[in-house]
Amino acid sequence: MKRILIVEDEAAIRGFEAINLGRAGYQTVEAGSAEEAVEIFENDGPFDIALLDISLPGMDGFDLCKHLRGKSSALGIIMLTARTQEMDKISGLMLGADDYITKPFSPSELLARVDSLYRRVELQTGKAGPQSSDEIKLGDFVLNIRRRTLQKGDKNIELTQVEFQIIEYFFTNPDTALSRSDILLKVWGEAYYGEEKIVDVNIRRLRMKIEDNPSTPQNLVTVWGMGYKWNTAN
Ligand code: CA
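Not measured: the values here are computed from a predicted model.

## Description of the nonpolar core
Here comes step 1: By size, the foremost hydrophobic cluster in this structure holds 24 residues, and its most contacted members are Phe-170, Phe-171, Ile-183 and Trp-230.
Here comes step 2: Going through the elements one at a time, strand E6 (135-138), strand E7 (141-144), helix H7 (161-171), helix H8 (180-188), helix H9 (197-210) and strand E12 (227-230) are the ones with two or more residues in this core.
Here comes step 3: Take this core: its biggest share by element is six residues, from H7.
Here comes step 4: Not counting residues up to four positions away in its chain, the partners in contact with Phe-171 are Ile-136, Leu-138, Phe-141, Leu-143, Leu-150 and Trp-230.

## Looking at the coordination of the calcium ion
Here comes step 1: Coordination of the calcium ion by the protein is provided by Glu-8 (OE), Asp-9 (OD), Asp-53 (OD) and Ser-55 (O), with metal-donor distances spanning 2.1 to 3.2 Å.
Here comes step 2: Along the chain, the residues donating to the calcium ion fall in the pattern E-D-x43-D-x1-S. Here Asp-53 lies in strand E3 (residues 49-53) and Asp-9 lies in the loop between strand E1 (3-7) and helix H1 (11-23), a separation of 44 residues in the sequence.
Here comes step 3: Under the relative-accessibility criterion, Asp-9 is labelled partly exposed at 32%.

## Some remarks on the packing of aromatic side chains
Here comes step 1: Evaluation of the coordinates by the stated rule reveals five aromatic pairs.
Here comes step 2: An angle of 85° between the planes, with centres 5.8 Å apart, marks the rings of Tyr-26 and Tyr-118 as edge-to-face. Residue Tyr-26 is located in the loop between H1 and strand E2 (27-31), and its partner Tyr-118 is located in helix H6 (residues 107-124); the two are separated by 92 residues in the primary sequence. Here Tyr-26 matches Tyr-118 in class, with each residue buried.
Here comes step 3: The ring of Tyr-118 has Lys-2 sitting right over it, with the charged end atom 5.5 Å from the ring centre.
Here comes step 4: Its guanidinium or amino end placed over the ring of Phe-47, Arg-3 lies 4.5 Å from that ring's centre, counting from NZ or CZ.

## What to know about the pattern of salt bridges
Here comes step 1: For the coordinates displayed, the defined rule picks out 12 salt bridges.
Here comes step 2: Residue Asp-63 is joined to Lys-66 by a salt bridge in which the shortest nitrogen-to-oxygen separation is 3.6 Å. In this pair, Asp-63 and Lys-66 are both assigned in helix H3 (residues 61-71), three residues apart and thus about one turn of the helix distant.
Here comes step 3: Here Arg-205 makes a salt bridge to Glu-163, at a shortest N to O gap of 2.8 Å.

## Observations concerning unusual backbone geometry
Here comes step 1: A cis amide bond, omega 0°, links Gly-45 with the succeeding residue Pro-46.
Here comes step 2: Relative to the helices and strands, Pro-46 resides in the loop between helix H2 (34-43) and E3.
Here comes step 3: Between Lys-103 and the following residue, Pro-104, the backbone shows a cis peptide bond with an omega angle of -5°.
Here comes step 4: With respect to the helices and strands, the residue Pro-104 is situated in the loop between strand E5 (99-102) and H6.
Here comes step 5: Notably, Asp-175 is not glycine yet its phi reads approximately 55°, a positive angle.
Here comes step 6: Relative to the helices and strands, Asp-175 resides in the loop between H7 and strand E10 (178-179).

Criteria and cut-off values
Residues numbered from 1 in each chain as written. Predicted model: local features only at pLDDT ≥ 70, side-chain atom pairs only at ≥ 80, totals over all residues. Heavy atoms only, no water. Core = buried A, V, L, I, M, F, W, Y, C linked by side-chain atoms within 4.5 Å. Buried < 20%, exposed > 50% of the residue type's maximum accessible area, 1.4 Å probe, protein only. Helix = DSSP H or I, 4+ residues; strand = E, 2+ residues; numbered from the N terminus. Contact = heavy atoms within 4.5 Å. Donors = N, O, S within 2.8 Å, 3.2 Å for Na, K, Ca; no water. Phe/Tyr/Trp six-rings, centres within 6.5 Å; stacked < 30°, edge-to-face > 60°. Lys NZ or Arg CZ within 6 Å of the ring centre and 35° of its normal. Salt bridge = Lys/Arg side-chain N within 4 Å of Asp/Glu carboxyl O.

The structure is reproduced here in structure tokens:
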């Protein structure tokens, strides 16, 4: 269930947000003040997203944002701002909030921003599917992107940061030939002016770690004239 906490003291605006998000498939819970929101967050959570108005009676939206961020790093937070002077505070606010919307806004703008944030939150918390999005399984291998580990069967394979990035690139593009320049660009970035040989060196070292027989690799194979690919057909 996609759950949103809406915090807004003006009932008309709050209702407008709740109706439009409800139509789009979100379950909304409304709070008329920050204090009420704190209580709801504690007792009626968890929420995927919090939509916070900045101008609230009592505790304001900035303090509420800080409070909620302190409680959860995974929560998606969007601030609603009306006045231009509030915009000045946005840079500081962005430390805790993920996005902000300026009033007045249309239903389609609200939905676009909420949907986009929800997708990011969903990825981050691994709700995207039955296979948690931070884990990629290929044959005997399991790559955990969050913990930055690679396992072969029940054996943990120690990788350097660069080796890990190379493996991550192959695992997100299985059975696809990747050229040396693709790998160089992806892992070392555009600013790296080194030779493509560095790729070969790392591939060779990776094969020592992951292949049963590194001289006749079955997983990390050479594609002549192209580069390398991760072969899942074995
Ligand atoms: Ca308000």
